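Structure at a glance
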Amino acid sequence: MFNLEKSQKSSLQMTKKRIFALLLIQYCVVFRLGAESGSAVPPQFTVPRLSAAPQIDGTIDAGEWSPGAMLSGFVTARQLDSRLMTMYMAYDSKHLYIAWRLPYYPAGKKPKASWNRRDQFPPAGFEEDRIEILLDPHFGQHTVEKGHFMIFINAAGTIVYDQQWTVAEGVQKDWNLVAVSKSRSTDEFWEGECAIPFSELGINKVLDDTRWLLQMSRYWSDFGSWTTLSPATDILNSHNAG
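Everything in this summary refers to the structure shown in the same document.

What counts, and at which threshold
- Residues numbered from 1 in each chain as written.
- Predicted model: local features only at pLDDT ≥ 70, side-chain atom pairs only at ≥ 80, totals over all residues.
- Heavy atoms only, no water.
- Helix = DSSP H or I, 4+ residues; strand = E, 2+ residues; numbered from the N terminus.
- Buried < 20%, exposed > 50% of the residue type's maximum accessible area, 1.4 Å probe, protein only.
- Areas by Shrake-Rupley, 256 points an atom, 1.4 Å probe, with all protein chains shown as cover.
- Salt bridge = Lys/Arg side-chain N within 4 Å of Asp/Glu carboxyl O.
- 1 Å grid on protein atoms, 1.4 Å probe; cavity = no way out; pocket = protein on both sides within 12 Å on 5 of 7 lines; lining within 4 Å.
- Points joined across faces, edges and corners; volume = space filled by probe spheres on them.

Here's the deal with the overall build of the chain
- Along the chain, the regular secondary structure elements total 3 helices and 16 strands.
- With 242 residues in all, the chain has 52% of them scored as buried.
- Split by element, the accessible area of the chain, about 11400 Å² in all, is 52% carbon and sulfur.

Here you go:
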C-alpha cells in the first residue's frame, strides 16, 4: 500500500530511510492468508512527487532517483531473499515512475531477454526473466469498468504483457499500455525504468495523499519462481505467484 505525497519535507524524510517494506496487495486471498498466519498489519510507504522527471533510459541515476521512495526487503516464500533487490518509485503530474535494480543469480549469469514482441507473453518453455508490476489506483474499490493493472517487463525492456483485471474474478480487459520502458544489463545486475502515464490508468487528475495498492515481483525463469515485495505465498491471480 502506498500514498502519493505532495509534501517535499515528508518526502525527504522518507528517502533518508532504507525502507524494508513487505507489502500486501489487499485482495481477499491475501487478507485471508494474513489472518491465518497472524501477520502484522501491512506497512505503508509514501511515494514523493518530483519537481523534475527522471530520464527513462534504463540507467538509474542517483541524482534523479534520490528524491524518490527506495524499497528493498524482497521475499521468497515469506523469507527475506538474500539476493538484494532495489526498487524506486516517484511521480509527477502526468506519470508514475518505477525503477528497479536486480542482481544476477548465480553471480555473472545474465537474465534471459531475447523476447522482443510487444504484448505477446512468451509461450511455455520460452519464458524469460521479468519484472511483474500490479497496480491498483482504486485501492480495492473495483467495478466492472475499474480494476487493477498488470504490467510484465523483461530484461530487454519489452512490455510482454499488459492487462486490466476488473471486479469479475478472472476476467481481463484488453489494454494496450502506452508507456516508456528501458532496461540495461551490467556485469553484476540488470536494471530498468518505466514511466506510466496516469491517463493510461484511467486517472485524469492526480490527487495528492491518495492511497494505492501495489505488488511487484521478479520472476526467475531458471527456477520457475518469484521473489516479491509482498510476503504472499499463494496465487494472486492467474499469472502471478507470490
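Remarks on the pattern of salt bridges
- What the rule picks out here adds up to 8 salt bridges.
- Salt-bridge contacts for R130 lead to E132; the nearest nitrogen and oxygen are separated by 2.6 Å. Take R130 and E132: they sit in the same class, and that class is buried.
- Through salt bridges with shared partners, a single ionic network connects R101, R184 and E191.

With respect to the layout of surface pockets
- Approximately 160 Å³ is the volume attributed to the second largest pocket.
- Contributing to the lining of the second largest pocket are L4, P137, H138, G202, I203, K205, V206, L207, T210, R211 and W212.

Remarks on unusual backbone geometry
- Look at the link from Y105 to P106: it is a cis peptide, with omega at -5°.
- Among the structural elements, P106 can be located in the loop between β8 (95–103) and β9 (130–136).
- Phi at D209 is positive, roughly 60°, even though this residue is not glycine.
- In this fold, D209 is placed in the loop between β14 (189–197) and β15 (211–220).

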